[in-house]
Amino acid sequence: MNVPDETPVVAPGYDSGSVTRKITDVVLARPLGRGWLAGFAFAFALLMLLNFAIGWLLIRGVGIWGINIPVAWGFAIVNFVWWIGIGHAGTFISAILLLLHQDWRTSINRFAEAMTLFAVACAGLFPLLHLGRPWVFYWLLPYPDTMGLWPQWRSPLVWDVFAVSTYATVSLMFWYVGLIPDLATMRDRSAPRPLQFIYGVMALGWRGSARHWKRFKMAYLLLAGLATPLVLSVHSVVSLDFAVAIVPGWHSTIFPPYFVAGAIFSGFAMVLTLLIPVRKAYGLQDFITIRHLENCAKIMLATGLMVAHGYITEMFMSWYSDDKFDIYMTLNRMFGPYAPAWWLLMFCNVLVPQALWFKSIRTNPAILFVLALLVNVGMWTERYVIVVTSLHRDFLPSAWGIYHPTRWDWMTLIGSFGLFLSLLFLFLRLLPAISITEMGKLVLDKKESRQQ
Amino acid sequence: MNMNTWRSTDELEDRPAFRDWLQREFPPLASEWTNEASRRSFLKIMGASFALAGLNACTRQALEKVVPYVRQPEDLVPGQPLYFASALNLEGYARGILVESHEGRPTKIEGNPEHPASLGASDVFMQAEILALYDPERSKSVMNGLEVSTWDEFLALVVQEREKWKSNGGIGLRLLTGHITSPTLLSQIEVLLQEFPNAKWHVHEPLATKAPQPIYDVGKAEVILAVENDFLGPGPAQLKYARDFASRRRADSGATKFNRLYVAESTPSMTGARADYRYALGPRALQEFGTALATEASLPSWGVPILADLTRNKGRSLILLGDSLSEEVRQFARNWNRPLQIAQPLPSNGDSLSEFMQHVEAGKIETLVILGGNPAYDTPVDFKFAEKLALVPLRIRLGLYEDETSALCQWRLPEAHPLETWSDARAFDGTATIMQPLIEPLYGGKSAHELMAALAGNAVVSGYEIVRQYWHAQHAGDDFEKYWRKSLHDGVVAGSAGGKSSPFAPSVRAAASGSGLELVFRPSPSIRDGRFANNAWLQELPQPFTKITWDNSALISPATAKRLHLSNEDVVDLKYRGRLVRAPVWILPGQADDCVTVHLGYGRTHAGRVGNGVGFDAYALRTSDAPWGGSGLEIVKTGLRHPFATTQHHQSMEGRDQVRVGTLAEFQQHPAAVAQVGEPAPGGDETLYVPIAYKGHAWGMAIDLGACIGCNVCTIACQAENNIPVVGKEEVARGREMHWIRVDNYFEGAPENPRIHFQPVPCMHCENAPCELVCPVGATAHSSEGLNQMVYNRCVGTRYCSNNCPYKVRRFNFLEYDRNPFESAPVLKLLRNPDVTVRTRGVMEKCTYCVQRINRVRIEAEKQNRPIRDGEIIPACAQACPAEAIVFGDINDPQSRVAKFKASPLNYGLLAELNTRPRTTYLAKLLNPNPEAEKT
Amino acid sequence: MNQNLYGMMAEFEQTEELLNAARAAFKAGYRKMDAYSPFPVEGVAEVLGFEHTRVPLVVLIGGITGAAMAYGMQYYSAVWDYPLNIGGRPLHSWPSFIPITFELMVLFAAVAAVFGMLLMNGLPKPYHPVFNVPAFKLASQTRFFLCLQATDPQFGEGTKHFLTSLNPIAIHEVES
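Quick caveat, the model's predicted, so the values are computed rather than measured.

Asks: Could you give an account of the overall build of chain C, with specific residues and numbers?
Replies: Each helix and strand in chain C was counted, giving five helices and four strands. When its helices and strands are written in sequence order, chain C yields β-α-β-α-α-α-β-α-β. Based on the C-alpha atoms only, the size of chain C along its principal axes is roughly 80 × 30 × 30 Å. Each of the 176 residues in chain C was classed as buried or not, and the buried ones make up 52%. For chain C, the accessible area works out to roughly 8100 Å², and carbon and sulfur atoms hold 64% of it. Here chain C contributes 10 positively and 14 negatively charged side chains, and the mean placements of these two sets differ by 3 Å.

Below, the structure is given as structure tokens:
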């Protein structure tokens, strides 16, 4: 991907100074725009909606949702899997692409990591809320309770607790460590004393010593090395919530790889959905160039194909297994009560990404944006189909049922966007959305490579 | 039982409960109920509770000496339930019961093994009576018009009236009752009628429209033909019939010869579901078939082998006919069946309702005393009972509820529940039972005996004395005390079978014949003729074939539905003889074409919070000349829809062999061929793990599908035993019913006339339980005896276990069901089984194999230092089952009954191919086809 | 020349200049010195005589500890502390114990990496003499600094002259 004639990852004519200025000014110099205020207000309103839905949930119980027997899991779990999936792009970009020396990641990794954190925050909400008795969630934590009872280690839900919390912690540290030098820059560039103080505290007194830099780089590299298997493990574990169960449509060995692919697929879709407006709003087209969008699109295409392969394998296996329950499940997905959802996800996740074969589309932000939105929808629908259609008709026809989400289900889903966007708006306003140090380094290296 | 028990009763009384209920910030409905329309019902309960608060003083243990059934402690041992023998009436016929009483609170009803009409089993109505006892909406005070009055004021009125009667011999005095078999009450009525010769007694029983058929020995019958006769369905002799029938269908008991059952009926019944041959015909065709049988002329081709079969076994064959068939055919059947007759029916000898109506119209009636029943609701619509009643100047009603009839009477006396009062009653065969009170009347009710005594001018005497005096008169001997105690203890009066009876023939004209659609009336399988309408357990009990709860429907056949372009939940107008009722449609496979079946008992207006406005009132179409229906029905589609709350949406087997059926012949040739089909269960060695050995006891259950009649009693017995909440129609519609054991119903074959299968499904207690594996907090785990246990306190409510349960037998408390309108009344706390936790919001629950019963027996056995005997532990479902289809025990003991069941080649595990190793297994169902009939 | 001097600092515009300066200073025998840059400059640390870091070792230890603790905890609680028959599975269902073992290994390793790095860097450290130099603000943005510390034996009158010989754009005295 480093062919010189390609669109540069940074528009020409920048030195480290101007890069620094441009990025920090977004936070320090730029006045509080009407656009930002409007956006934040909207996001905050949705957040309040989430609070309302949660409040009611705690008063009444999960019965306000559409769940029942047999479909005992509904939107809560769907949203959880969807959000955690989105949370995969950030770490993938910053860790895996770092190890692969993809210099183009530099200008988007900070943003993607932030997105990861917020997505994981949203995801983390749902497993708690979906409990019948959320106030005793801590019984899943590894300690012997008053009766000396521990968690039940064979349950994938316990694995989830560890996987998700580990992932959240590591992503947070990874993100913060990357921020430290930039916080120092903010400290040194911000005029007002209080700002200096706040950024100063957050920067931990970083002064860019050569020795520090050496340890810093090593630690950062190792973190990347650790985050790489971690990011793969998290969605594998999430997929085991289903794969370990005996429910037809869940009990499948292909789940881990195909969930991971799906996660990165949806993650990059979300990255594009957010980057395209943001780069425009903050005039960062010079740093987040068409090249970035195109590379994201390429990754979407690749992972999209893996996901499609997953679907096909799943169908093939249910035919090949000659298991009457499995075969029925597959047909029921295609032609049963939830058929529309299934066809929608096939359209969004299999058909739509094929457009990305064409460079003209990969390089057209407007189209990419729409496309990414569709993929987001498709991936949510995929989780809905997996969770609901598998449960609603399993082994005994006598126990078959149907699931309809209630308005409370929808409120919780929409509300979670509020949480996500609110955090994102604050991030854009308060922290450098692009890694200053790495960009500075990058423009320098580019200059050198041009001189040679 | 003595003073200290009444004290304990008082402690258990709901004052504290009620107080904290009042103080709660979120009263039950406001906080815990999603049903938006619940504010009104909330106010209603509030009313009920206030009323209750004032009534605490009335709740007192009976002071007379009643006799414990099994153990006889001088003083009650706290925590140890006592069992008392008594009886409950269905249309006047007694079914003997044992009532479990905790510290003076009756909590559970079981059948009395020594009683001929229960044989230790019970039916859904018996089980549900315990809820009726505590129903907060029973009438609670003597009312005179709108005034609250007192019993004494009423007695004062009676004194005046008696003066009048004495002068005129009781002209214009009328008694209106249901069917009565109580020897004491009958004698009291006799006394009254002797004192006032001009007074009259009329009898109205909505479901007994003809002289009842004699009782036959089904167990001895080789061949049975039932025409529109649901003898295995609810009825005074159901339990005996079911037991006898099932005893002839057991392959495990080495029986090489089954009985054979032919059924011809218009709408599927429990009997039809068990038939070897079932024919779906409309009433007209059935009548023709009946006549053809009697005259042996123009018999349809399919009828020929049946008649041949019956004739071949004459003397050992039965022809059972429904009330809708003509009297001459029924006479023919009675003669045919005579060799197997074991009991004459016991009709009351009162006069008919039609005569009563004539007197009303003629203005001959001045004083009317209505004992029980609910004539204003369930009398034939053409009698216009409700409006004509106004012609009677003085109307007195003794009733359990302030129902439709009470609403039309000035004097309304609260009736004491059968569990609150001394009385007696006879079983179908005349066997008498002396009914003991389990508790002082909760709401100050009076018994019919006390009222009759008052009318006879003897108000001071108590029900106890009345009943005792009667039996003293019956038993001249000087050992009366012993006789009395024994009768109470056993629950049957020795040698009382075949009591006195005299013929009673209500005037019944022949059903009007005609053309076009036919209408068929049937009692509701769950609330009977409407008398159980306010019983939430029964309202929520899924009806056997439709699985509909909280509703009745117009049942039509698939073909008819296609012809009339109707689909489920369409609302139609039923136009019948100039009358109209609006009813939602349900398409029922096995229903006869061009014939619409409606269940009676719904559409109540004064039933109470639970029963009001549930379903539509089919009595509005029921006329005296055609009580079981007739022709000339019109159906008009309204375009409206009515949502049903069903518990089973899908009744086809989908080619999965959950219910395995074969023929006796097949079984005898290749025993394994019937049950061992489909993918076999993996062997014990096919595992990577070390199999866990269950030393000591290993509890297991076997369910004989060949015996099950699908009566649902297991479901409701379980509900009563395990404090299972009622959730209401909205929640059932959402798929959240809480029953721990459900009776699945499958249709197999052509929808016109499918085979019908029942399959009770409790928790399978899998040895490799998938549910346990996925619980993150270990809230469900295996006991050392192989029980799949649910630890409510530990459950956080992920519901993962339910998802991973292939049988979907786990139930979740999506809301605080214990505080919903059906459960929150403080008085219902008295009903709770103290041995079973009441579950809170957000926890999973399921069948425990009645672990509380296991432990009680274990403790007893340890105290007596002996091993637990086989059959000593009986889960509620097994105990209630009339067909003895459910067997529970220790599968490690090869001598145990359950081990023998499981050894049978008919034994198979449901979904055993998943390697769940279920502890609950099934015995395949065997049919007994007739080679000749097979040819045609 | 005042006594409370932390060191002397030369300011450069280019990374190459910083590298050469550091090399020269090392040749000139200076050891107690440090270089400051807005982003890592290849090789400077080595030139200053800082060859290798112990961060990887710390991470390794963290990882091993995490894995051992995780598996130990599961084995202890499921087999010894509170054995339960869960769906007929053996008490020591080792395959089910792997995911948590892995996750905790990663968690501990990551925590070790971050805190190990910060501690070895002596961070957080709100105050440091170099901050006394106003121009040092640029160290986090565009400029590169080489600071020779007063505690170095080589440090003395000649130091300032030596630094000028490296023709930096400015020389600052760092108050301690």
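Asks: Just give me the short version of the overall build of chain B, but keep the residues and values in it.
Replies: When you go through chain B residue by residue, the secondary structure sums to 30 helices and 38 strands. Looking at chain B as a whole, 66% of its 936 residues qualify as buried. Taking all contacts inside chain B whose residues are at least 6 apart in sequence as the whole, residues at least 24 apart take part in 75%.

Asks: Residue-level account of the interface of chain A and chain C, with values.
Replies: It is common to give the size of an interface as the accessible area lost on bringing the parts into contact. In this assembly, 55 residues from chain A lie in contact with 65 residues from chain C. Of the roughly 5300 Å² buried where chain A meets chain C, counting both sides, 70% is carbon and sulfur surface. Sorting the residues of chain A by area buried against chain C places A:Arg154, A:Arg207 and A:Arg215 first, and these three jointly supply 16% of that buried surface. Taken together, chain A and chain C are joined by three salt bridges. The residue C:Glu46 makes a salt bridge to A:Lys214 at a minimum N-O spacing of 2.8 Å. Run the count over chain A and chain C and you get 23 residue pairs in polar contact (both at pLDDT 80 or more). When contributions to the side of chain A that touches chain C are tallied by element, the ones reaching two or more residues are α1 (16-28), α6 (156-189), α8 (210-243) and α16 (436-451) of chain A. Taken together, the residues that form the side of chain A that touches chain C break down as 28 nonpolar, 16 polar and eleven charged.

Asks: Go over the environment of B:Val598, please, and point to the residues and values.
Replies: All names here are of chain B. With respect to the helices and strands, the residue valine 598 is situated in strand β24 (residues 595-600). Along the primary structure valine 598 and leucine 787 are separated by 189 residues, whereas in three dimensions their C-alpha atoms are 43 Å apart. Apart from residues no more than four positions distant in its own chain, valine 598 is found in contact with Leu519, Val520, Phe521, Arg522, Ser553, Ala554, Leu574, Phe616 and Ala618.

Asks: Describe the sheet that holds strand β28 (residues 699-704) of chain B, naming the residues involved and giving the relevant values.
Replies: All names here are of chain B. Pairing within the open sheet is mixed, and its four strands lie in the order β35-β28-β37-β36. Both outer strands of the open sheet, β35 (886-890) and β36 (907-908), are each paired with one neighbouring strand and no more. The sheet contact formed by β36 and strand β37 (residues 920-923) spans two bridges and is antiparallel. Following the sheet pairing, tyrosine 908 is matched in β37 by tyrosine 922.

The rules we used
- Residues numbered from 1 in each chain as written.
- Chains lettered and ligands numbered in written order.
- Predicted model: local features only at pLDDT ≥ 70, side-chain atom pairs only at ≥ 80, totals over all residues.
- Heavy atoms only, no water.
- Helix = DSSP H or I, 4+ residues; strand = E, 2+ residues; numbered from the N terminus.
- Buried < 20%, exposed > 50% of the residue type's maximum accessible area, 1.4 Å probe, protein only.
- Areas by Shrake-Rupley, 256 points an atom, 1.4 Å probe, with all protein chains shown as cover.
- Lys, Arg positive; Asp, Glu negative; His and termini not counted.
- Charge placed at Lys NZ, Arg CZ, Asp CG, Glu CD.
- Contact = heavy atoms within 4.5 Å.
- Buried area = accessible area lost by both parts, 1.4 Å probe.
- Salt bridge = Lys/Arg side-chain N within 4 Å of Asp/Glu carboxyl O.
- Polar contact = N/O pair within 3.5 Å; in protein donor to acceptor, adjacent residues only side chain to side chain.
- Nonpolar A, V, L, I, M, F, W, Y, C, P; charged D, E, K, R; others polar.
- Pairing = 2+ DSSP bridges.

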